[in-house]
Amino acid sequence: MRDEETERPAVRDLRHGLGQLVRFGVIQARACAFAVALLAGIGASRLLPPLPVARYDLVLVYGVLLTLVARRVGWETRRDTAVIAVCHVLGLLFELVKVRLGSWSYPEDALTKVAGVPLYGGFMYAAVASYVCRSRRLMRLRYTRYRATATTLVAAAVYLNFLTHHWIPDLRWPLAVAMAAVTAGTRVGFRVGAHRYRMPLAVSFVLIGFFLWVAENAATYAGAWSYPQQLDGWQPVPLTKFGAWSLLISVTFVLVEHLGTARRDRRTARRGHRAGRPEPSPRPHPAPVSDSFKTG
């Protein structure tokens, strides 16, 4: 009888934990909706019969239509669309350099290829931005002890290093150490159901990087692009790309946070103006601090 009584809380906790895990999985699936739809479209394009239109051109049209649909059905907000557009442009710049240097290639012909890069290539990075934006809203992400300036500087250095390491020494590992240092003590809080949880921000980068590496394997298998070793037949993406994605996700994270904070500050200022707040005193005073990252 005692054993049954002592087991009940454990069973209840297990049931609650499994329920939360399922809820978390559902939220993640919703956050990945744009990325999954994009990857599914790329995969489906390989099954089409021969058409007078190049496959890469069709994928570009599909990506544009998918973006419009995502905005229409509420997957993305206006701010999300702006962030996704910025990441698309940064992704295309990244692709132009990498493809020219032979890091990977798009072997098929298309009208919408520029310097060997199809314009749909930026959608890969846009899909990552969509995931970050959706997660931010769906899980109500909040950060404690976030060092905005330091994290931004390291993230910018990460982006530049992936472009410049072909000419100067690769600083990937020193930058990984720097990122771990500037995010030490930073926690990301997220909501699942009625409960809030926290984890180190650096750990979230690693976890997202792993799943992006898994997605990259699926994308190359679907023919989205090909690494040199995959031109004669598909092979798994090297595990080193897992580390690269764990670093690159910081770039998207910084963009989402900066653009989101700027928009929230403007919205707050407009509300204050409409509410008829009195004009500030001409006496000098410290600038207001954004409440985006509370130190709790």
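Reference entry: report on the structure contained in this document. (Residues numbered from 1 in each chain as written. Predicted model: local features only at pLDDT ≥ 70, side-chain atom pairs only at ≥ 80, totals over all residues. Heavy atoms only, no water.)

## Concerning the sheet that holds strand E3 (residues 142-144)
Alright, step 1. Read from one edge to the other, the open sheet built from 3 strands follows the order E3-E4-E5, with strand pairing classed as antiparallel. Two strands lie at the open edges of the sheet, namely E3 and strand E5 (195-200), each paired on one side alone. Adjacent strand axes in the sheet meet at a mean angle of 30° when their direction is disregarded.
Alright, step 2. On the sheet, helix H8 (residues 201-221) packs against E3, strand E4 (187-192) and E5 and is oriented at approximately 85° with respect to E5. (Pairing = 2+ DSSP bridges. Helix = DSSP H or I, 4+ residues; strand = E, 2+ residues; numbered from the N terminus. Axes fitted to C-alpha atoms, helices over the stretch in contact; angles between N-to-C directions. Contact = heavy atoms within 4.5 Å.)

## Here's the deal with the packing of helix H4 (residues 78-100) against helix H6 (residues 148-164)
Alright, step 1. It is at 9 Å that the axes of H4 and H6 come closest, and there the two elements cross at 25°. The pairing of H4 with H6 is recorded here as roughly parallel in orientation. Within the contact between the two elements, H4 uses Leu90, Leu93, Phe94, Val97 and Lys98 and H6 uses Tyr159, Phe162 and Leu163.
Alright, step 2. The residue makeup of the contact of H4 with H6, split by class, is 7 nonpolar, no polar and 1 charged. (Parallel < 35°, antiparallel > 145°, perpendicular 65-115°, else oblique. Nonpolar A, V, L, I, M, F, W, Y, C, P; charged D, E, K, R; others polar.)

## As for empty space enclosed by the protein
Alright, step 1. A full pass over the atoms with the stated rule returns 1 cavity of 30 Å³ or more.
Alright, step 2. There is about 160 Å³ of room inside the largest cavity.
Alright, step 3. In terms of lining, the largest cavity is formed by 13 residues, of which the most central are Tyr125, Tyr159, Leu248, Val251 and Thr252.
Alright, step 4. Taken together, the elements giving at least two residues each to the lining of the largest cavity come down to H4, helix H5 (122-138) and helix H9 (240-274). (1 Å grid on protein atoms, 1.4 Å probe; cavity = no way out; pocket = protein on both sides within 12 Å on 5 of 7 lines; lining within 4 Å. Points joined across faces, edges and corners; volume = space filled by probe spheres on them.)

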